[in-house]
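Structure assessment
Next come the chains, spelled out residue by residue.
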Amino acid sequence: MRAIVLCLLFATVVATASGQAGKIAVSGTIKDSDVKHPVAYVNVYLKVLKDSSFLAGTISNEKGQYTFANVQPGNYLLAFERAGYKPLNKQYFVGALSTFIDIGTTELVADTVALETVAVVAKSSKEGLSGQMDKKTYSVENNISQAGGSILQAMKNLPGVTTGDDGKIQIRGSDKVVVLIDGKQTALTGFGSQSSLDNIPASAIERIEIINNPSAKHDANGAAGIINIIYKKSKQHGLNGKVGFTAGLGALGIKQENLPGIRRQYQATPKLNPSLSMNYRKNNLNAFFQGDLLYTRTLNKNEFVDRFYDTGDTIRQQTKRNRNTTVATAKGGVDWELDNSNTFTFSGLYSSEKIIDRGDEPFYNNNLSKQLRLWQFLEDELKTTVTASANWQHLFTQPGHKLNVSYNYTFHREDEKYFFTNILPTYTGSDAFKLLSDEQVSDLSIDYTRPLKHGRLEAGAKLRYRTIPTNMQFFPGLNSPLDTTAGGWADYKETIPALYGSYVYESKKVELEAGLRIEYLNLSYSVNPQHAVYKSDGYTYTEPFPTFRFGYKFNDRHKISVFYNRRVDRPNEVDIRIFPKYDDAEIIKVGNPGLRPQFTNSMEAGYKITGRRSSLYAAAYHRIIDGFIARIATTTPGSTLIYHVFQNAGRSYNSGVEMIFEQKVSPRISFNVNGNVYRNTIDAFTVENKYPVPSIYSADKEERVSGFVKFNGQFKLPSNTEIQLTGAYMAKDLVPQGEIGARFSIDAGVKKQIQKGKGELFANATDLFNTLRIKRVINGAGFRLESTDYYETQVFRVGYSYKF
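Okay, so let's go over this structure. (Residues numbered from 1 in each chain as written. Predicted model: local features only at pLDDT ≥ 70, side-chain atom pairs only at ≥ 80, totals over all residues. Heavy atoms only, no water.)

Some thoughts on the overall build of the protein chain
Helix and strand counts for the protein chain stand at four helices and 45 strands. Compactness check: the protein chain gives a C-alpha radius of gyration of 31 Å against a globular reference of 28 Å for 804 residues, within 12% of the reference. Projected onto its principal axes, the C-alpha positions of the protein chain cover 130 × 60 × 45 Å. Here the protein chain holds 804 residues, and 50% of them are scored as buried. Across the protein chain, contacts joining residues at least 24 apart in sequence account for 67% of those joining residues at least 6 apart. Summed over its atoms, the accessible surface of the protein chain is roughly 35100 Å², and 58% of this surface lies on carbon and sulfur atoms. Averaging the locations of the 96 positively and 79 negatively charged side chains of the protein chain gives two centres separated by 7 Å. (Helix = DSSP H or I, 4+ residues; strand = E, 2+ residues; numbered from the N terminus. Rg over C-alpha atoms; globule rule 2.2 N^0.38 Å. Buried < 20%, exposed > 50% of the residue type's maximum accessible area, 1.4 Å probe, protein only. Contact = heavy atoms within 4.5 Å. Areas by Shrake-Rupley, 256 points an atom, 1.4 Å probe, with all protein chains shown as cover. Lys, Arg positive; Asp, Glu negative; His and termini not counted. Charge placed at Lys NZ, Arg CZ, Asp CG, Glu CD.)

Considering the sheet that holds strand S31 (residues 629–635)
Strand pairing in a sheet relies on backbone hydrogen bonds. The paired strands run either parallel or antiparallel. Spatial strand order, S28-S32-S31: three strands in an open sheet with mixed pairing. The sheet is open, and its two edges are formed by strand S28 (587–590) and S31, each paired on a single side. Neighbour-to-neighbour, the strand axes of this sheet turn through a mean angle of 35 degrees, independent of strand direction. Across four bridges, the pairing between S28 and strand S32 (residues 642–648) is parallel. For valine 590, the partnering residue across the bridge sits in S32 and is valine 645. (Pairing = 2+ DSSP bridges. Axes fitted to C-alpha atoms, helices over the stretch in contact; angles between N-to-C directions.)

Some details on the pattern of salt bridges
Under the defined criterion, the tally for this structure stands at 47 salt bridges. For the salt bridge of glutamate 107 with lysine 36, the shortest nitrogen-to-oxygen distance reads 3.1 Å. Remark: lysine 36 occurs in the loop between strand S1 (24–32) and strand S2 (43–48) and glutamate 107 occurs in strand S7 (residues 100–108); sequence separation between them is 71 residues. Judged by its relative accessible area of 37%, glutamate 107 is partly exposed. Residue lysine 36 is classed as partly exposed on the basis of its relative accessible area, which comes to 43%. Among the ionic pairs, arginine 596 bridges to aspartate 537, the shortest N-O distance being 3.0 Å. Of this pair, arginine 596 sits in the loop between S28 and strand S29 (598–610) while aspartate 537 sits in strand S26 (residues 537–553); the two residues are 59 residues apart in sequence, bridging distant segments of the chain. What you see here is one network of salt bridges that share partners, running through Asp219, Asp443, Lys462, Arg464, Arg517, Glu519 and Arg570. (Salt bridge = Lys/Arg side-chain N within 4 Å of Asp/Glu carboxyl O.)

Structure, rendered in structure tokens:
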């Protein structure tokens, strides 16, 4: 009996051991041998030691942890591989006595040569359309034809992006574009608008993201989409960076001679841009800095306008503006990894933009035989921007499970002084005004992400408080044409709390994203009680902004996606500003405190096919815009002055088809073509311009088919030399009360890597053949306006940069 019991017990132990043998879990942790931090995304392979045959593979998580389940006892070889680190093989014996085995810590040694290679590959992999077809990413470094220019000039060459008659960036024919810096709105680029883009050096930027269909996580403004500018920032160990210098000349030829009797227009305008980016990482600290100085002279405006009135009067004028700009920008900060789960980032930006404009505006009769008036002006403007940001990121144990809390503060001051000389046949008057505006914005955001088995959940909240007190002081001279009753103070206040949530699901074939953002807005605009026309105003709303995306993958090459979103474009403070602007003496721009937001419903269907060397993306889209915001030009009885005032012009539509084709012809030749054809429609509307006296304007329904096409070719030559050629054609397009003419330009650039890839020389030309000009026609009640702006577009640059 004892023998039988012993045999049964032995059999039970063996059976138990045999059952457990296939259920052993082997785990471990991977760290950097230098800084001792966890290394994520390491490929770990389990192989049989005897013949190196492959058994299983896994990837380390954000804490450097990995696990193999169901491992049989035996001798094994563990192989560790990750870009930027030297490969490592490690032998290990797995026994049968424990169900869980902790191999312990494995340290990987950084491979500095591989790190340099990885940086190049990573940039190229981010190029083009994302897998979700909602975002396009472009490296500024690859935009050779605009190297050394501004971020605005770099954007103009991107697929899907054009500029309107006022120089604003447009996506698919609409300028309702929000521009972010590192994912945040700042006064440097405008809150819900565009500003100063031509004064941000492209040398400071790593890449640009174009988001046509933003998720609920993004603010609801920007019906046409979002452009996200990503500043350069490295996380390599030790000290590294890049220093560069660019010099250029613009306006080498005269597009159009001045009208008689005015000062000369700028020619051979210099451009200078030294830049420095630095990064230092040691242990758990990473410090970064980006500094730029941009000095330019520019023929900023050279517009010839003919005004024809129903009374038979004709006035011909030229607005010539010579501009000197000096911009100094510094951005820096530090990343502090408190531990494996908590990281703090503190950053700040300072920008000082000095603008000096010297302008001449002569007015003549129809045959230029008589000068009616000469208006000369000097603008002295200083813009100062300061931003500060603090961010805390907490990583939970589950990879991808995280919480972000951030606070952003922006201060932006505009200090403008205008001095005018009004020369008429019988007298000369001197006038001036001063405008001071201090904008302060505080944003507090909380963002939470939770991975799921087949997707993720996102939720968050944001609170914005924004104030802009302004003050306009007029200093009239003899027989002053300035409206001194339109001065004084005005205070803009805005409070926006928002909540959002979204759900993402993904399977082998299906992708689904559904989100909802709810915003409450309380806006007040208090106006000086002595203002002759405008009174205090404001509005509130609580609105839902849903987003939806559905994608279906037929296979690895073919995919379709369908999008829907609802967005809002709130009037910016300058759109409702009560003060008239006199940089044009007889075509005067003024805001409208009664302006309200425009709401847009957007629908899109996209299809992408990917080949071995080519890809094609095609999309059809339709937008319905309620409360369409536009400048409306009117006159007053007995006067030839024209007043441009923002109005809500009813409902409009934008429908079109977009195509992006990319082809790699050979290892040395590649190109992409971007085409867009759309129809803009503006329904009939009636508005009342209240300034300076009430004036009613009515317009019939207007519509026009327009579009653009762009070509971008890259050619790699021997000896590390690359050439880029870019061409763009924009057809006639509809604007309220008229049209903007067709435009065409060609850009070209060449760059060569030297000093074993650390140095780079480049040369480029913007608007190589000097063909770009802006033509407009405006049909108002009782007048017709025809204009052509021969502003400076042709610029030649050379530059050098060095990586260290």
